[in-house]
Amino acid sequence: MLLPNDPQQAQIGQEIAEEFVQAALDALSAHIAILDETGTIIAVNAAWREFADQNNFTNGNYGIGLNYLAVCDTSSSLNSPDARLVGKGIREVMAGIRDEYILEYPCHGPYERRWFVVRVSRFDWYDQQRIIVAHQNVTELKRIQLQLEESNQRLEAILNAVSNIIITLDTNGTIVTANRAMMSIFGYESEDEVLGKPLNALLVEPLDLGKGLLAFCDDHGHELIGMRSDGSTFPIHLTLNKLELNRERYYTCIIQDFTYRKQVEAEIIERERVQVALEKERELRVLKNRFLSMMGHELNTPLASIQLSYDMMKKYEHLSTEEEKEQALDNIQQQVGHLQEMIHDVMTLSRSEAEGLRFEPEDTDLITYCRNVVEEFQFTYHKTHQIEFCCDLRDIRAMLDRRMLRRVFTNLLSNAIKYSPEGGLVQFCIEVDDETQQALIRVIDSGIGIPQEDQKRLFEPFHRAGNANKLPGTGLGLPIAKQIVELHGGSIAFESKESEGSTFTLTLPILSSRS
Ligand code: ADP
């Protein structure tokens, strides 16, 4: 019964209203009890009854007639502190101290964890004060809330545990959230000092945010200089990614302290530099030793020969014929020429390494040019070697520095002769590679060949193969040849087998060819 006894004429209307209210209350999912001004339960809804049935709280007529305040005050269940709070809340609402009272409280069953929210409010019913106590089961909501809190806590724990700084920025570049690493690395005491600050306050050189933060979102990130709260600076790596939250655009910003990495990088660079310097130093040492031993060999022979001719002329001048004197002078001149050539070679090599050689190419008829060089050799060595020139083409034109290239062909031909037995065949062949349209010039001999172990170092200055020691040489011809050919945009290679012979192949770019 919601209403007190009223005059006869209002009775019917009130009863209809009462039924209507009851039906409305029954339709609600909250467990509702209506109390009179003393706190006595005067009505309950269907959900209340159902809950009472399920939990064996039938208590006579579902508590109707009981004083709810007394129930709260004397509750001895697990939730009694909450029950007492509810009792206090109801009293405050009854006394008009507050319009409503809301409390969330746990009400766990034997097999299930449950949460409720009780809401107490007041209304007047035909001048009588009535209190509505509505318990709404919010277990599902609570579970979601708890899960959310738990995953937030987990996320926060992860964010705080990572050593990288993770901050969230709004579209203006203002810091909205920051993890613990942010505070410790940038030297701030608390979050409050950081939140609301612009990202640029953390950087020595501010980012130009004219085009927005999106312009800085890329996979590689940015290496920048960070500034701590005390003004000190350190290298950082910053990566930005856009983030959509509740339809709002944010940016996550991951900042790594690069101090250690930069130190390691600097150490690696320094170590590599030292390594290169040591390697260079070792190479120079090897080169110097080879140079000295070459000088020992190669300078001694002409100098001894000059000395001999000189001694002969000086001591036996009165005994020597004019012809003998002439011969001695010729020998001195020849040996001086040889020495000059050697010095020229050393100078060429050192100049080419230091500032590059002077390269003056001209349009040249390659076949005629080579044939002339070969003919000179045929003329000089016709008694000891057979030198063949072979070329099936009529004309090849190429941009050549003739002075330089002469040095290359002379070296290859004189090596082929020097390292071949007397009577040996030396071939000088020219052809054009159809595919690459480059001239291929081969100098082929059937001489002593090059031992396998020396092959990979053959173009190093002063390197001479083990089987060439007894023959004169400086080990400078091939490295010089290589540099000259490369200046022409070509290359030099060889194939060789010890005791069988060698083939040196030059590849040179050409302008045109005709067969
Ligand atoms: P070198 O004055 O010693 O001949 P090069 O630089 O011209 O200097 O050649 C370097 C080395 O390559 C030679 O000392 C020799 O050991 C080897 N070599 C070059 N050409 C030939 C060849 N045609 N046959 C065998 N060995 C060769």
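Here, every reference points to the structure presented above.
Conventions and cut-offs
All residue numbers refer to positions counted from 1 along the written sequence of the respective chain. Given that this is a predicted model, residues contribute local features only at a pLDDT of at least 70 and side-chain atom pairs are listed and counted only at 80 or more, while totals for whole chains, interfaces and linings are drawn from all residues. Based on all heavy atoms of the structure, the side-chain values leave hydrogens and waters out of the count. If a single non-hydrogen atom of a residue is within 4 Å of a molecule or strand, that residue counts as near it. Two N or O atoms form a polar contact when they lie within 3.5 Å of each other; inside protein one atom must be a possible hydrogen donor and the other a possible acceptor, and for residues adjacent in sequence the pair counts only when both atoms belong to side chains. Using the Shrake-Rupley algorithm and a 1.4 Å probe, accessible areas are obtained, with residue cover drawn only from the displayed protein chains. We count a stretch as a helix when DSSP gives it H or I for four or more residues in a row; a strand needs E for two or more, and each element gets its number in order from the N terminus. Expected span of a helix, by definition, is 1.5 Å for each gap between consecutive residues, and there is one gap fewer than residues. Accessibility here uses a 1.4 Å probe with only protein chains present; expressed as a share of the type maximum, an area under 20% marks a residue as buried, one over 50% as exposed, and anything in between as partly exposed. Any Lys or Arg side-chain nitrogen found within 4 Å of a carboxyl oxygen on Asp or Glu counts as a salt bridge. Put simply, two rings from Phe, Tyr or Trp (the six-membered ring, in Trp's case) pair if the centres are within 6.5 Å, and we call them stacked under 30 degrees between planes, edge-to-face over 60, tilted for the rest. By definition, being over a ring means that NZ of Lys or CZ of Arg is both within 6 Å of the ring centre and within 35 degrees of the ring normal. Pairing between two strands requires that DSSP report at least two bridges joining them. Axis angles are defined between N-to-C directions and span 0 to 180 degrees, where every axis is a line fitted to C-alpha atoms and, for a helix, only to the segment in contact. Here, two residues are considered to be in contact whenever any of their heavy atoms come within 4.5 Å of each other. For this text, the term disulfide refers to a pair of cysteine sulfurs within 2.5 Å. Reported orientations rely on four angle classes, namely roughly parallel under 35 degrees, roughly antiparallel over 145, roughly perpendicular from 65 to 115, and oblique for the rest. When the near helix sits turned anticlockwise from the far one by under a right angle, the crossing is termed left-handed; a clockwise turn instead gives a right-handed crossing. As a working rule, the residues Ala, Val, Leu, Ile, Met, Phe, Trp, Tyr, Cys and Pro are called nonpolar, Asp, Glu, Lys and Arg charged, and the rest polar, with Gly in that last group. Patch definition: residues above 30% relative accessible area lacking any salt bridge, with like charges linked at up to 9 Å and the nonpolar side chains Val, Leu, Ile, Met, Phe, Trp and Tyr linked at up to 5 Å. Think of it this way: Lys and Arg go in the positive column, Asp and Glu in the negative one, and His and the chain ends go nowhere. Lysine's charge is taken at NZ, arginine's at CZ, aspartate's at CG and glutamate's at CD.

> Teacher, can you tell me more about the site of the ligand here?
Around the ligand sit 22 residues in total, of which Asn415, Tyr419, Arg464, Thr474 and Leu478 are the nearest. In the environment of the ligand, an oxygen atom lies 2.8 Å from a nitrogen or oxygen atom belonging to the side chain of Asn415. Within the backbone of Gly477, a nitrogen or oxygen atom sits 3.1 Å from an oxygen atom of the ligand. In the complex, the protein chains occlude 98% of the 520 Å² of accessible area that the ligand would expose alone. Mapped by element, the contributors of at least two residues to the shell around the ligand are helix H12 (402-418), helix H14 (477-487) and strand S17 (501-509). In terms of residue count, H12 provides more of the shell around the ligand than any other element does, four residues in total.

> Please explain H12 as it appears in this structure.
Residues three or four positions apart in an α-helix share a direction because the helix packs 3.6 residues into each turn. Between its first and last C-alpha atoms H12 spans 23 Å; for 17 residues at 1.5 Å apiece the expected length is 24 Å, and the two agree. Of all the positions in H12, only Met404, Leu405, Val408, Phe409, Asn411, Leu412, Leu413, Asn415, Ala416 and Ile417 are classed as buried.

> Is there a simple way to think about the pattern of salt bridges in this case?
If the charged atoms of two oppositely charged side chains come close together, the side chains can form a pair. With the rule as written, the count across this model stands at 28 salt bridges. A salt bridge links Arg91 to Asp73, with the shortest nitrogen-to-oxygen separation between them at 2.6 Å. A residue pair is termed long-range when its members are at least 10 positions apart, and Arg91 in helix H5 (residues 80-94) and Asp73 in helix H4 (residues 68-74) qualify at 18 residues. Here Arg91 falls in the partly exposed class, since its relative accessible area comes to 38%. Since its relative accessible area comes to 32%, Asp73 is described here as partly exposed. Across the pair Asp99 and Arg122 runs a salt bridge whose closest N-O atoms are separated by 3.3 Å. With Asp99 in the loop between H5 and strand S3 (100-106) and Arg122 in strand S4 (residues 115-125), this residue pair connects regions lying 23 residues apart in the sequence. What you see here is one network of salt bridges that share partners, running through Glu223, Arg261, Lys262 and Glu265.

> Help me understand the packing of aromatic side chains, please; the structure alone is not making it clear to me.
Tallied over the full model, the rule gives 10 aromatic pairs. Arranged with centres 6.2 Å apart and planes meeting at 55 degrees, the rings of Tyr369 and Phe409 form a pair that is tilted. Of this pair, Tyr369 sits in helix H11 (residues 366-381) while Phe409 sits in helix H12, and the two are 40 residues apart along the sequence. Of the two residues examined, Tyr369 and Phe409, each falls in the buried class. Relative to Phe428, the ring of Phe389 lies with its centre 6.0 Å away and its plane at 20 degrees, an arrangement referred to as stacked. Of the two residues, Phe389 is situated in strand S12 (residues 386-391) and Phe428 in strand S14 (residues 425-433); the sequence distance between them amounts to 39 residues. Every member of this aromatic cluster is reached through a ring pair, and the members are Tyr369, Phe389, Phe409 and Phe428. Here the guanidinium or amino end of Arg228 rests over the ring plane of Phe234, the centre of that ring lying 4.2 Å away.

> Looking at this structure, I do not really get the sheet that holds strand S15 (residues 438-445). What am I missing?
Across a sheet, paired strands are connected by hydrogen bonds in the backbone, their directions being either parallel or antiparallel. Pairing in this open sheet of five strands is mixed, and the strands run S12-S14-S15-S17-S16 from one edge to the other. Two strands lie at the open edges of the sheet, namely S12 and strand S16 (491-497), each paired on one side alone. The sheet shows a mean angle of 15 degrees between the axes of neighbouring strands, taken without regard to direction. Across seven bridges, S16 lies against S17 in antiparallel orientation. Residue pairing for S17: Lys497 is matched across the bridge by Gly501. Sheet strands touched by H11: S12, S14 and S15. Its angle to S12, the strand with the most contacts, is close to 170 degrees.

> Honestly, the state of the cysteines in this entry has me stumped. Any pointers?
Between two cysteines, a covalent bond joining their sulfur atoms is known as a disulfide. Under the defined criterion, the tally for this structure stands at one disulfide. Here Cys217 is not cross-linked by a disulfide; its sulfur's nearest cysteine counterpart is in Cys253, at 9.4 Å. Taking relative accessible area as the criterion, Cys217 reaches 24% and is therefore assigned partly exposed.

> When you look at the packing of H11 against H12 in this model, what are you seeing that I'm missing?
Two quantities define a packed helix pair, namely the angle between the axes and the distance from one axis to the other. At a closest axis distance of 11 Å, the pairing of H11 and H12 adopts a crossing angle of 40 degrees. On the basis of their axis angle, the class for H11 and H12 is oblique. Considering how the two elements wind past one another, H11 and H12 form a crossing that is right-handed. Of H12, the residues touching H11 (which contributes Tyr369, Cys370, Val373, Val374, Glu376, Phe377 and Tyr381) are Arg402, Leu405, Arg406, Phe409, Thr410, Leu413, Ser414 and Ile417. For the contact of H11 with H12, the residue count by class is 10 nonpolar, two polar and three charged.

> Just checking my understanding: could you explain the packing of H12 against H14 for this structure?
Direction vectors running N to C along H12 and H14 enclose 140 degrees, while the axes themselves pass 9 Å from each other. It follows from the interaxial angle that H12 and H14 lie oblique. The hand of the H12/H14 crossing is left-handed. Contacts from Met404, Leu405, Arg407, Val408, Asn411, Leu412 and Asn415 in H12 reach Gly477, Leu478, Ile480, Ala481, Ile484, Val485 and Leu487 in H14. Of the residues that constitute the contact of H12 with H14, the class distribution is 10 nonpolar, three polar and one charged.

> Help me out: how do you make sense of a negative patch on the surface in this one?
A cluster of acidic residues, Glu156, Glu189, Glu191, Asp192 and Glu193, forms a negative patch on the protein surface. Among the elements that make up the negative patch, the one with the highest residue count is helix H8 (residues 191-194) (three residues). By the element assignment, Asp192 lies in helix H8. A residue is classified by how much of its surface remains accessible, and Asp192, at 65% relative accessible area, is exposed.

> How should I be thinking about the sheet that holds strand S9 (residues 233-245) in this particular structure?
Spatially, five strands are ordered S7-S6-S10-S9-S8 in an open sheet, and the strand pairing comes out antiparallel. Each end of this open sheet is capped by a strand with a single partner; those strands are strand S7 (175-178) and strand S8 (222-227). Taking the axes of each pair of neighbouring strands and ignoring which way they run, one obtains an average angle of 35 degrees across the sheet. Across five bridges, strand S6 (residues 165-169) lies against strand S10 (residues 248-257) in antiparallel orientation. Across the sheet, residue Ile167 finds its bridge partner in S10, namely Cys253.

> It is not clear to me how the pairing of S15 should be interpreted in this structure. Could you clarify?
Where a strand is regular, its side chains alternate between the two sheet faces. Sheet topology places S14 next to S15; eight bridges connect them, and they run antiparallel. From the neighbouring strand, Gln427 faces S15, where its bridge partner is Ile444. Hairpin connection from S14 to S15: four residues lie between these consecutive antiparallel strands, with Gln437 at a positive phi of about 55 degrees. Two strands pair when backbone bridges link them, and S15 and S17 are joined in this way by eight bridges, in the antiparallel orientation. Looking across to S17, one finds that Ile441 is bridged to Leu506.

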